[in-house]
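Understanding the architecture of this molecule
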Amino acid sequence: MANLLEWSRAYTGRLDEADKSKSASKLAAIEERLKTEVATGLLPFLSMPYRAKFEADLAQVLPKITNFKHMLLLGIGGSALGCRAIQTAFAPGQDLPNHQGKSVWVMDNVAAGQLEAMLAALDPKDTVVVAISKSGGTIETISQYFLVKDWLKAALGENWTKQMVLITDAVKGYLREEANTHNLPSLEVPDNLGGRYSALSAVGLLPAAYLGIDHKALLDGAYQVAKPLVDDVKNLANHPSFALATWAKALMDKNYSQLIFFSYIPQWAMYGPWFCQLWAESLGKEGQGSQPVPATGVTDQHSINQMFLDGQRDKGCIFVTCRKLQSGRNFGQDLPEKWSYLRGKPFANLLEAEGLGTQMALCSSGVPLVNIDMEDTGPAQAGAMMMLLEAATVLTGWLMGINPIDQPAVELGKRLANAKLGATGYTKEEADLKAFLSVARQEQAF
Ligand code: PA5
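Here is a short report on the structure shown in this document. (Residues numbered from 1 in each chain as written. Predicted model: local features only at pLDDT ≥ 70, side-chain atom pairs only at ≥ 80, totals over all residues. Heavy atoms only, no water.)

The buried fraction of helix H9 (residues 202–210) is high, at nine of nine residues. Backbone geometry just downstream of H9 places Gly212 in the positive-phi region, at approximately 85°. (Buried < 20%, exposed > 50% of the residue type's maximum accessible area, 1.4 Å probe, protein only. Helix = DSSP H or I, 4+ residues; strand = E, 2+ residues; numbered from the N terminus.)

It is worth spelling out the pattern of salt bridges at this point. Enumeration according to the criterion identifies 25 salt bridges in this entry. Its salt-bridge partner being Lys20, residue Glu17 comes within 2.8 Å of it at the nearest N-O pair. Residue Lys20 is classed as partly exposed on the basis of its relative accessible area, which comes to 33%. The salt bridge involving Glu429 is made with Arg415; its shortest N-O contact spans 2.7 Å. Taken together, the residues span a long stretch of sequence, with Glu429 in helix H17 (residues 427–438) and Arg415 in helix H16 (residues 410–421) at a distance of 14 residues. (Salt bridge = Lys/Arg side-chain N within 4 Å of Asp/Glu carboxyl O.)

The next subject is the site of the ligand. Surveying the vicinity of the ligand reveals 13 residues, the closest of which are Ser79, Ser133, Ser135, Thr138 and Gln277. A distance of 2.8 Å separates an oxygen atom of the ligand from a polar atom in the backbone of Lys134. In the model, an oxygen atom of the ligand is placed 2.9 Å from a nitrogen or oxygen of the Glu281 side chain. Considering the ligand on its own, with 380 Å² of exposed area, one finds that the protein chains cover 90% of that surface. Considering only residue class, the shell around the ligand consists of one nonpolar, nine polar and three charged. (Near = heavy atom within 4 Å. Polar contact = N/O pair within 3.5 Å; in protein donor to acceptor, adjacent residues only side chain to side chain. Areas by Shrake-Rupley, 256 points an atom, 1.4 Å probe, with all protein chains shown as cover. Nonpolar A, V, L, I, M, F, W, Y, C, P; charged D, E, K, R; others polar.)

This part takes up the packing of aromatic side chains. Applying the stated criterion across every chain yields a total of 13 aromatic pairs. Relative to Phe146, the ring of Tyr145 lies with its centre 6.1 Å away and its plane at 55°, an arrangement referred to as tilted. For Phe146, a relative accessible area of 39% gives the class partly exposed. Members of the aromatic cluster, joined through ring pairs, are Phe262, Tyr264, Phe308 and Phe319. (Phe/Tyr/Trp six-rings, centres within 6.5 Å; stacked < 30°, edge-to-face > 60°.)

Extensive coverage of strand E9 (residues 315–322) is indicated by the burial of eight of its eight residues. Residues of E9 alternate between two faces, with Lys315, Cys317, Phe319 and Thr321 on one and Gly316, Ile318, Val320 and Cys322 on the opposite face, all of them buried. Two elements, strand E7 (residues 258–263) and E9, share six bridges in a ladder whose sense is parallel. Residue pairing across strands places Phe262 opposite Phe319, the latter belonging to E9. Across six bridges, the pairing between E9 and strand E10 (residues 369–374) is parallel. Paired with Ile318 across the two strands is Val370, which belongs to E10. Handedness of the β-α-β unit built from E9, helix H14 (residues 348–364) and E10 comes out right-handed. (Pairing = 2+ DSSP bridges. Right-handed = clockwise from strand over helix to strand, strands pointing away.)

Bringing the side chain of Ser23 into the picture now. Looking at the secondary structure, you find Ser23 in helix H1 (residues 21–24). Among the residues examined, Ser23 registers a relative accessible area of 3% and is labelled buried.

Turning our eyes to something else, we now look at helix H15 (residues 379–400). Quick reminder: α-helices carry 3.6 residues per turn. Residues three or four places apart thus point the same way. Relative to the 32 Å expected for 22 residues at 1.5 Å per residue, H15 spans 31 Å between its end C-alpha atoms, a close match to the ideal helical length. Gly401, located one to two residues past H15, shows a positive phi value of around 80°. (Expected span 1.5 Å × (residues − 1).)

Below you can see the structure in the form of structure tokens.
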């Protein structure tokens, strides 16, 4: 049995079947656009033309880093979240007591204390550093690169270059200059592959391969979903990514402003933040979009679920389950009478029952819900889900009439931060900052 999308509770609440017609009327134009953009290389996340080059580069770089016990990964946003999702899903060992094997540590923040703690805990001799930035100029990543490069140099001298790998644009940007200047091992982020669509390139797959995760299965699983979109777009109407996009757009049109991503696959919890970045940065444009909300079953039943169930009626839900979760150990036969219904049952039965309970409760509260029901939780299925969600995000953006690949709004905060730090070329931002800071503060102690 395949992975499934289950639709019986999707067109509920304020939605009905008629809501599909608006997107259906755009189908021919979207098919045409898809054909053109695939053919002109604008959607490499779908067609994966980079795969052969990536495999060849990986074969060069992996042997150089495979003996290090730790990988310290510097990156942010799309250059970090996919890696973290894949690592927690398929190599969770590093979070367990007495872990002996390899570990990947993702530094995706400007957190001085955390960086100090990390550098104090790691031995540079055992550590390969991987700095990831598509643009090669993201200040958060580059500043960590400068500091960690000094840390490596202090311990290793000229040999620092053997323990620094860069993943960046093939030609442009500061990290590419660094790779060229110091002859550092490097891998490419292909042209037109935006950060949040890059998890299934070197960005997410070098760390995966280092950890021994089957990166080929991730790619193969993803391509199974992408293939019909790449090969024969005549079938777009029947592709689950278009069905998801149609539904998501219908939700937005009916004032469902939040989209819950509720995963009942506990080890896939980090796919929540990955999906939410993908959705938010792609679709929050021109006053449109829906706010993605990550949630993990069952943990969030005791946290934000009350709001899902009885807060504002403004939420749709993508509910993720798996038919073949590890069942775990069985409860004993000697449980107290009050809990006798658990006797002899595997621990995972609880997750399944609670998942069903939550799904029904959401439906009873009128939350339109699509269930992504996975065949299993291996890398091939994860790759398939990632591709489904990436394709659905782009198609939703096209239905909305916005560009799902760029992220212009987040640039302003970056420019203002640069101005504050004294970078040149930000005259207007300096003036704006001055005006912002000149407003009298209204402080209240607590
Ligand atoms: O998804 C995106 O495009 C962004 O979140 C980027 O990944 C993020 O800003 C980091 O950019 P870069 O990889 O250029 O350092």
